[in-house]
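# Per-entry structural report
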Amino acid sequence: MQRNYVLTLTGPDRIGIVHEVTGLLLARGGNVTTSRMVRLGGEFAVLMLVSLPSEPFDGLEVDLASLTAQGYKITTTVAEHPHAEVPPGWLPYRIEVQGADHEGIIHEVSQYLSQNGVNIESIDSETTPAPTTGSPLFAMTAHVVIPPSLSVPDWEAGLEKIGVRLNVEIDVFAKENT
């Protein structure tokens, strides 16, 4: 019987860490079904949904201990619902934010979304230097689903107001239901 787990790993970035982690999972009959992996500063972060046979999972903790000894922090959590289901009638959207970097952009946008009952499925953000000046530029992409009771023009207008106040460009794109 397969069980699903969310596995997180954070620690020093090094060549081969993804190979090592996925090798440990594969040796136990595991399969990575969904993942996000990224280098943040000098650290590497892994977030993955893993499907494993129930019995060999117990020994995985022992295998992962070798990584813990190297300074990695690891958690495993049982995932009762391996596939996120969008409630009926909810609509998927992509929100893109771009502009000069400053504190509070993600906080302001996420506060507005939560106050309006919008569920955030994922957020990716980064800060990069501007080509000419080197000033920090912020970019964020959020995938969200909005409840059927929310007026699309109203919540988009609210995001536009936030963009004006924060001096960033916020664009909203409807996605196809998948």
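Here we summarise the structure given alongside this text. The structure presented is a predicted model; accordingly, all values stated were derived computationally and were not measured.

Basis of the calculations
Residues numbered from 1 in each chain as written. Predicted model: local features only at pLDDT ≥ 70, side-chain atom pairs only at ≥ 80, totals over all residues. Heavy atoms only, no water. Helix = DSSP H or I, 4+ residues; strand = E, 2+ residues; numbered from the N terminus. Buried < 20%, exposed > 50% of the residue type's maximum accessible area, 1.4 Å probe, protein only. Lys, Arg positive; Asp, Glu negative; His and termini not counted. Charge placed at Lys NZ, Arg CZ, Asp CG, Glu CD. Contact = heavy atoms within 4.5 Å.

This part covers the overall build of the protein. From N to C terminus, the protein includes 4 helices and 8 strands. Shown N-terminal to C-terminal, the secondary structure of the protein runs as helices and strands in the order β-α-β-β-α-β-β-α-β-β-α-β. Counting only C-alpha atoms and orienting by the principal axes, one finds that the protein spans roughly 55 × 45 × 25 Å. Each of the 178 residues in the protein was classed as buried or not, and the buried ones make up 30%. Here the protein holds 10 positive side-chain charges and 22 negative ones, and the gap between their average locations is 3 Å.

This part takes up the environment of Val50. Its location among the elements puts Val50 in strand 3 (residues 43-53). Here Val50 falls in the buried class, since its relative accessible area comes to 1%. Separated by 47 residues in the primary sequence, Val50 and Arg3 place their C-alpha atoms 8.2 Å from one another. With near-sequence residues (within four places) excluded, Val50 lies in contact with Arg3, Asn4, Tyr5, Leu7, Leu25, Asn31 and Thr33.

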